[in-house]
Amino acid sequence: MKMKITPNKIVGSDRIALSFNDVGKGYTSDSGTQVAALQNINLQIDHGQFVTLVGATGCGKTTLLNLAAGIDTPAIGAISLAEDICPKRDVAYVFQHYTLLPWLKVEHNVAFGLKMRGISRKQRINASGDLLEQVGLKGYEKAWPHELSGGMRQRAAIAQALAINPKLLLMDEPFGALDSSTRRDLQTMLGNLHRDRKMTILFVTHSIDEALILGDRVIVFSEQPGRILEDHKIFLPRPRMRSDDAFTRQLLHIYGLLAETHP
Amino acid sequence: MHYLRNNKHYLHGLMRRMGWTAIPLLLLIIWQVSAMRLGKPWLFPTVTRVLVQLVHPLRDHYASGSLLSNALISIFRVVIGFVTASLAGIILGILMGSVRWLRSLLEPMVEIIRPLSPIAWLPFAIAVFKLNTLSHLFGLDYSRTILDQVQLGMLFVIFVGGFFPILINTIDGVAGVRQNYILLGRSLGANSAQIFIHVYLPAALPMILTGLRHALARCWMVIIAAEMMAGIDSGIGYLLVYAADNAAMDLVIAIMVIIGTIGAGLSYFIRWIMRPFIRWHGQEV
């Protein structure tokens, strides 16, 4: 299949939501040396696919998300979004830290995107209440972000992103700072949200376990320069079972891959 | 250990109560006794004579108005100058804090003008604006309102006094906004104007508030000094000098008390107004 490459605009297939074509990106470090963050990235992501990106810290995963979000532009190559995904309206981003605006109560944080769209106060507060219920934060509408635990904050951040009804959701290690049991709860919740909403998700993590639990596909990155080592499709049924032999095999396989490049 | 800590707390509480009661009372007694023994009220009046002035805020002095009317004139001058300085300082500060080239363009000039004492501007301002008042600005010679007492030159120095602290704090506040919040705002669909109003402004608000408080205190100091200049015939600072010229030291001290109290009151007032907006400060997660 031959695709038309138009930066940040059109993809010539209705199956593909997002595509990276020969993307490269470098940056100058604080000490002045040139670092290649990404090299030869070719990646096509289908509509509704849950794609997880794993690799060592500093391998350019975040850069890839920033490129997809349009926060950053590639030095070479092109990134294309499907025609029906407007980069300004349909792409949401969830970070690991500082995910909520500290001067707004939880319900107004969730309603922020709708406010920017000029939705009336009553409507957006209603929508915000519904979303908070969906992420298990009913009753915390009037709380301040600093009154929430880490896990609750990430729940609120997900609700905030979902409020704009994104077609593409970018998540940069959203559960990276959580303890393992909270993390599992949130993984389950995110899996369910993805099942119900059918949006495309690009999810960066450094936990291979998390990547395998959540993803339809795991993209394994090498570090410096960031390159795709393997595009690993997962055909295990959901919900994924950690006790499953196939799960463990794939986990060990990816561990092996990363160990080779990062001795 | 526990016993000791309790004892320490008790001691601290006692000292705090004494700091508010016993110590001021002691000083007042020393003042009263020594003033009575000295017997020169034109130089060092007793506490009671000062109190008599303070409990008669409406008494007219030298046909120049009362303590209250002159204090109100001073407050009115400060409020007008301060509000204009705040608007200008916050708007320019947000622009300079968020647009890098604008900051580079204007910062040298700001740094050159800023260290100059606001009072040093007064002779110049009076020369330029003469003794024109706000009433002249509206095309009237006399409006027979308080506007007649607000000289443009005086407003100018109050503006200069308030503008720079607000500007500098707003720039620092805005430049220090976490990049993450900008990205978050953008990813949720905010355009540049919305980022300005809904991210930069609230995020910088604690710093802006610090600037406002600092600026208001400065404006209040500036007005007292400005009113002491020749050609001004109203305001609490004017009354202070006039009372001193007439050797009415009881009135002088009463005015000093009033000036201090209003200064503290203004600072408290602005903190009280702003408190709900910055409740989140220091609680970022």
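Residues numbered from 1 in each chain as written. Chains lettered and ligands numbered in written order. Predicted model: local features only at pLDDT ≥ 70, side-chain atom pairs only at ≥ 80, totals over all residues. Heavy atoms only, no water.

**Student:** Quick rundown of the sheet that holds strand β2 (residues 34–46) of chain A? Include the residues and the values.
**Tutor:** Residue and element names in this part refer to chain A. Strand order across the open sheet formed by three strands is β2-β1-β4, with antiparallel pairing between neighbours. Two strands bound the open sheet, and with one partner strand each, they are β2 and β4 (76–81). Neighbouring strand axes in the sheet, compared pairwise and without regard to direction, differ in orientation by 15° on average. Of the strand pairs in this sheet, strand β1 (residues 16–28) and β4 are connected by five bridges, and their pairing is antiparallel. The partner of N21 across the bridge, within β4, is A78. (Pairing = 2+ DSSP bridges. Helix = DSSP H or I, 4+ residues; strand = E, 2+ residues; numbered from the N terminus. Axes fitted to C-alpha atoms, helices over the stretch in contact; angles between N-to-C directions.)

**Student:** Kindly report on the side chain of T46 of chain B, identifying the contributing residues and their values.
**Tutor:** Secondary-structure assignment places T46 of chain B in the loop between α2 (22–38) and α3 (47–54). Leave out the neighbours within four places in its chain, and T46 of chain B touches W31, Q32, A35 and M36 of chain B. (Contact = heavy atoms within 4.5 Å.)

**Student:** Got a sec to walk through helix α11 (residues 236–245) of chain B? Specific residues and values, please.
**Tutor:** All names here are of chain B. Among the residues making up α11, those that are buried are I236, G237, Y238, L239, L240 and A243. Along its buried surface, α11 packs onto α4 (67–98), α10 (192–227) and α12 (249–274). At the exit of α11 stands A247, carrying a positive phi of roughly 55°. (Buried < 20%, exposed > 50% of the residue type's maximum accessible area, 1.4 Å probe, protein only.)

**Student:** Break down the packing of α4 of chain B against helix α8 (residues 152–175) of chain B for me, with residues and values.
**Tutor:** Residue and element names in this part refer to chain B. Look at α4 against α8: their axes get within 7 Å of each other, and the N-to-C directions meet at 30°. The angle between α4 and α8 places the two elements in the roughly parallel class. The two elements α4 and α8 cross, and the hand of that crossing is right-handed. The class makeup of the residues in the contact of α4 with α8 is 19 nonpolar, nine polar and one charged. (Parallel < 35°, antiparallel > 145°, perpendicular 65-115°, else oblique. Left-handed = near helix turned anticlockwise from the far one by under 90°. Nonpolar A, V, L, I, M, F, W, Y, C, P; charged D, E, K, R; others polar.)

**Student:** Talk me through unusual backbone geometry; I want residue IDs and the actual numbers.
**Tutor:** All names here are of chain A. Across the junction of R238 and P239, the peptide omega takes the value -5°, indicating a cis bond. Here P239 shows up in the loop between β9 (227–233) and α7 (245–261). The backbone of N40 sits at a positive phi, close to 50°, despite the residue not being glycine. With respect to the helices, strands and loops of the structure, N40 is situated in strand β2. Of the residues examined, N40 reaches a relative accessible area of 51% and is grouped as exposed.

**Student:** Please set out the interface of chain B and chain A residue by residue, giving values where relevant.
**Tutor:** Counting residues at the interface gives 19 residues for chain B and 23 residues for chain A. Both sides of the chain B and chain A interface together cover about 2200 Å² of buried area, and 71% of this is carbon and sulfur. Run the count over chain B and chain A and you get four residue pairs in polar contact (both at pLDDT 80 or more). Listing elements by their share of the side of chain B that touches chain A, those giving two or more residues are α9 (179–187) and α10 of chain B. Sort the elements by how many residues they give to the side of chain B that touches chain A and α9 of chain B lands first, with six residues. By residue class, the composition of the side of chain B that touches chain A is 10 nonpolar, seven polar and two charged. (Buried area = accessible area lost by both parts, 1.4 Å probe. Polar contact = N/O pair within 3.5 Å; in protein donor to acceptor, adjacent residues only side chain to side chain.)

**Student:** A description of the confidence of the model for chain A should follow, citing residues and the corresponding values.
**Tutor:** Residues and elements named next belong to chain A. Within chain A, residue pLDDT values average 86, and 94% of them lie at 70 or more. Within chain A, β2 has the poorest average pLDDT of any element, 83, and helix α2 (residues 106–116) the best, 95. Scored below 50 in pLDDT, residues 1–11 makes 30 contacts in the model with residues more than four places away or belonging to other chains. (pLDDT = per-residue confidence, 0-100.)

**Student:** Give me the sheet that holds strand β3 (residues 50–54) of chain A: which residues, what numbers.
**Tutor:** Working definition: the strands of a sheet are paired by backbone hydrogen bonds and lie parallel or antiparallel to each other. Residue and element names in this part refer to chain A. Spatially, the six strands line up as an open sheet ordered β5-β6-β7-β3-β8-β9, and their pairing is mixed. Whereas interior strands pair on both sides, the edge strands pair on one side only; in this sheet they are β5 (91–94) and β9. Across the sheet, the mean angle from the axis of one strand to that of its neighbour is 15°, orientation sign disregarded. Judged from the four bridges that link them, β3 and strand β8 (residues 217–222) form a sheet pairing that is parallel.

**Student:** I'd like to hear about the packing of α10 of chain B against α12 of chain B, residue by residue, with values.
**Tutor:** All names here are of chain B. Put simply, α10 and α12 touch, their axes get as near as 10 Å, and they point 160° apart. In terms of axis orientation, α10 runs roughly antiparallel to α12. For the element pair α10 and α12, the recorded crossing hand is right-handed. Packed against α10, whose contacting residues are L205, L209, L212, R213, L216, W220 and I224, the element α12 presents I259, I262, G263, L266, S267, I270, R271 and M274 at the interface. Looking at the contact of α10 with α12, its residues break down into 11 nonpolar, two polar and two charged.

**Student:** Which residues make up the packing of aromatic side chains, and what are the values?
**Tutor:** With the rule as written, the count across this model stands at 14 aromatic pairs over all chains. Ring geometry for F159 of chain B and F163 of chain B: centres 5.4 Å apart, planes at 15°, overall stacked. One end of the pair is F159 of chain B and the other is F163 of chain B, both in helix α8 and four residues apart, which spans about a single turn. According to the relative accessible area criterion, F163 of chain B is buried, its value standing at 12%. In textbook terms, an aromatic cluster arises when at least three aromatic residues are bridged by ring pairs, as seen for Y98 and W103 of chain A together with Y181 and W280 of chain B. Across the ring face of Y98 of chain A, the terminal group of R178 of chain B is positioned such that the distance to the ring centre comes to 3.8 Å. (Phe/Tyr/Trp six-rings, centres within 6.5 Å; stacked < 30°, edge-to-face > 60°. Lys NZ or Arg CZ within 6 Å of the ring centre and 35° of its normal.)

**Student:** Explain the pairing of strand β7 (residues 200–204) of chain A residue by residue, including any values.
**Tutor:** Residues and elements named next belong to chain A. By the criterion of burial, β7 is predominantly enclosed, with five of the five residues buried. Neither face of β7 is left uncovered, since the one carrying T200, L202 and V204 and the one carrying I201 and F203 both have all their residues buried. Pairing geometry for β3 and β7, over four bridges, is parallel. By the bridge assignment for β7, F50 is matched with I201. In this structure, strand β6 (residues 168–172) lies alongside β7, joined through five bridges in parallel fashion. Bridge pairing in β7 links L170 to L202.

**Student:** Quick rundown of a nonpolar patch on the surface? Include the residues and the values.
**Tutor:** Residues V79, V83, L87, I91 and L95 of chain B make up a contiguous nonpolar surface patch of roughly 420 Å² in combined accessible area. With respect to the secondary-structure elements, L95 of chain B resides in helix α4. (Patch = residues over 30% accessible without salt bridge, like charges linked within 9 Å, V, L, I, M, F, W, Y side chains within 5 Å. Areas by Shrake-Rupley, 256 points an atom, 1.4 Å probe, with all protein chains shown as cover. Salt bridge = Lys/Arg side-chain N within 4 Å of Asp/Glu carboxyl O.)

**Student:** Hey, could you go over the pattern of salt bridges for me, with residue numbers and the actual values?
**Tutor:** Residue and element names in this part refer to chain A. Here the structure, examined in full by the defined rule, presents 13 salt bridges over all chains. With a closest N to O distance of 3.8 Å, K167 and D90 form a salt bridge. A residue pair is termed long-range when its members are at least 10 positions apart, and K167 in the loop between α4 (150–162) and β6 and D90 in the loop between β4 and β5 qualify at 77 residues. A relative accessible area of 35% means that K167 is categorised as partly exposed. Looking at D90, the relative accessible area reads 12%, which means it is buried. Across the pair R242 and D209 runs a salt bridge, and its minimum N-O distance is 2.8 Å. A residue pair is termed long-range when its members are at least 10 positions apart, and R242 in the loop between β9 and α7 and D209 in helix α6 (residues 208–214) qualify at 33 residues. The class for R242 is partly exposed, based on a relative accessible area of 29%.

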